[in-house]
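Topology and contacts: notes
One-letter residues, chain by chain:
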Amino acid sequence: MAKLINGAAIPNMPWEDKPSNCKEVIWRYSKNPIIGWNPTRQSARIFNSAVIPYGDGYAGVFRSDHKDITMHLHFGKSADGVNWDIDDEEIKWVDEDGKPFTPKFAYDPRLTKIDDTYYVMWCTSFSNQPTIGLGMTKDFKTFVRLENAFLPFNRNGVLFPRKINGNYVLLSRPSDNGHTPFGDIFISESPDMKYWGKHRLVMSAGNGAGWQSMKIGAGPIPIETDEGWLMLYHGVCNTCNGYVYSFGAALLDINEPSKVLYRTGPYLLTPETPYETAGFVPNVCFPCATLVDAPTGRIAIYYGAADTYTAIAFGTVDDIIKFTKENSAPASNDAGLGRE
Ligand code: BMA
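Attention in this report is confined to the structure presented alongside it. Here the structure is a predicted model, which means the values were calculated and not measured. (Residues numbered from 1 in each chain as written. Predicted model: local features only at pLDDT ≥ 70, side-chain atom pairs only at ≥ 80, totals over all residues. Heavy atoms only, no water.)

**Re the packing of aromatic side chains**
To be explicit about the condition: For this analysis, a ring pair means two rings from Phe, Tyr or Trp (six-membered ring only for Trp) whose centres lie within 6.5 Å, classed as stacked if their planes differ by under 30 degrees, edge-to-face if by over 60, and tilted for the remaining angles. Per the convention used, a helix needs a DSSP run of H or I reaching at least four residues, while a strand needs a run of E reaching at least two, with both numbered from the N terminus. Throughout, exposure labels follow a simple rule: accessible area from a 1.4 Å probe, protein chains only, divided by the maximum for the residue type, with under 20% read as buried, over 50% as exposed, and the rest as partly exposed. When the NZ atom of lysine or the CZ atom of arginine is within 6 Å of a ring's centre and also within 35 degrees of its normal, the charge is said to sit over that ring.
On inspection of all chains with the given rule, the structure shows 19 aromatic pairs. With a centroid separation of 5.6 Å and 85° between ring planes, the pair formed by tyrosine 29 and phenylalanine 314 is classed as edge-to-face. Pair noted here: tyrosine 29 is in the loop between β1 (27-28) and β2 (43-54) and phenylalanine 314 is in strand β22 (residues 309-316), with a separation of 285 residues, a long-range link. Across this residue pair, the class does not change: tyrosine 29 and phenylalanine 314 are buried. One aromatic cluster is present, formed by Tyr54, Phe75, Trp93, Tyr118, Trp122, Phe140 and Phe143 through successive ring pairs. Sitting over the face of the ring of phenylalanine 101, arginine 145 holds its NZ or CZ atom 3.9 Å from the ring centroid.

Now the structure itself:
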């Protein structure tokens, strides 16, 4: 079995055994979606959101699109990871001096813990344009916004759960200010989470497999295993009926995560069910978080469906790694250090 490194036991995490008739690597929760339309007074739709174990249960930073169609981050808590109590008001950020610093818009959060601090990454408004926002909290009550990692335009910022070779490491996806028709995954390093550099390409879209032919972006926080960093990522193809968002997996080198070891040719999950194929934006499966139980390797993947719902899929780290290795289709420039 692939061994998880630095993983914790989460024995009470959401889980359902694989249905006996399921031939896929991952399978959907039978009670999906776990969050439906109009979940709070202000929120029309909650999706593309991040969760993490906290205290006896779970904490989450949720993407909430309000009924005026503006995008915000909300805090939520849950005893079981399935039933969530989400604040109706958005998170009010302060800067490092304690002054109000809430972004005009914020979406697609990710969440990780390094030492005793929880870090939030999201797509933030910077001069009304999208880029990677960073923030931290120790108690999910005071949320301190740090310097934005990058200039516009950028999305899908994902911080590794520990320093690598002495630096913080952040994946991102440079973009434009619209519905970006391109996008590759890059990686950057920082000694202090303020100054980012040593940028490298990790992997590109368009490696021939249709589902990831137009753009790709990192999903949940990479999972550390003895086979490499397991990174789930979304891939997009363009169709006569618009974009379709699926997701797959890659294994990145532990010490040089700009190097791709393996990358799925076929997707792991693509929009099939009514809550994925119909909604505010049809045909979107967009993963932003996982819970992983280290002793068993069970994984619960939280993904946004159709920019409307929050859903969960299950699998095991072992099976996902095996599938990724057996069905690997790296692009020609994936394997190197990405300096060109
Ligand atoms: C992307 C992001 C995601 C969204 C997706 C589909 O550009 O904005 O938040 O899920 O489009 O609309």
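**Looking at empty space enclosed by the protein**
This is how the line gets drawn: Of the grid points, spaced at 1 Å and generated over the protein atoms alone, those admitting a 1.4 Å probe that cannot get out make up cavities, while open sets with protein on both sides within 12 Å along at least five of seven lines make up pockets; any residue with an atom within 4 Å of a point is treated as lining. Grid points are joined across faces, edges and corners, and a volume is the space filled by probe spheres set on the points. Note that Gly is not counted as nonpolar here; it falls among the polar residues with everything else outside the nonpolar set of Ala, Val, Leu, Ile, Met, Phe, Trp, Tyr, Cys and Pro and the charged set of Asp, Glu, Lys and Arg.
Inspection of the entire model under this criterion finds 1 cavity of 30 Å³ or more. Considered as a void within the structure, the largest cavity measures approximately 50 Å³ in volume. For the lining of the largest cavity, the residue count by class is 5 nonpolar, 2 polar and 1 charged.

**What about the pairing of β22?**
What counts is decided by this rule: Here the rule is simple: two strands pair whenever DSSP picks up at least two bridges between them.
In terms of burial, β22 is a largely internal element, 8 of the 8 residues being buried. A two-sided burial pattern is seen for β22, the buried positions comprising Tyr309, Ala311, Ala313 and Gly315 on one face and Thr310, Ile312, Phe314 and Thr316 on the other. The pairing of β1 with β22 spans 2 bridges and is classified as antiparallel. The residue bridging arginine 28 from the neighbouring strand is alanine 313, located in β22. Where strand β21 (residues 298-305) lies against β22, 8 bridges are found, and the strand directions are antiparallel. Across the sheet, the residue bridging to isoleucine 301 is alanine 313, located in β22. Between β21 and β22, which pair antiparallel and follow one another directly, the connecting turn spans 3 residues, one of which, alanine 306, has a positive phi of 55°.

Keep in mind these numbers describe shape, not what the thing actually does.
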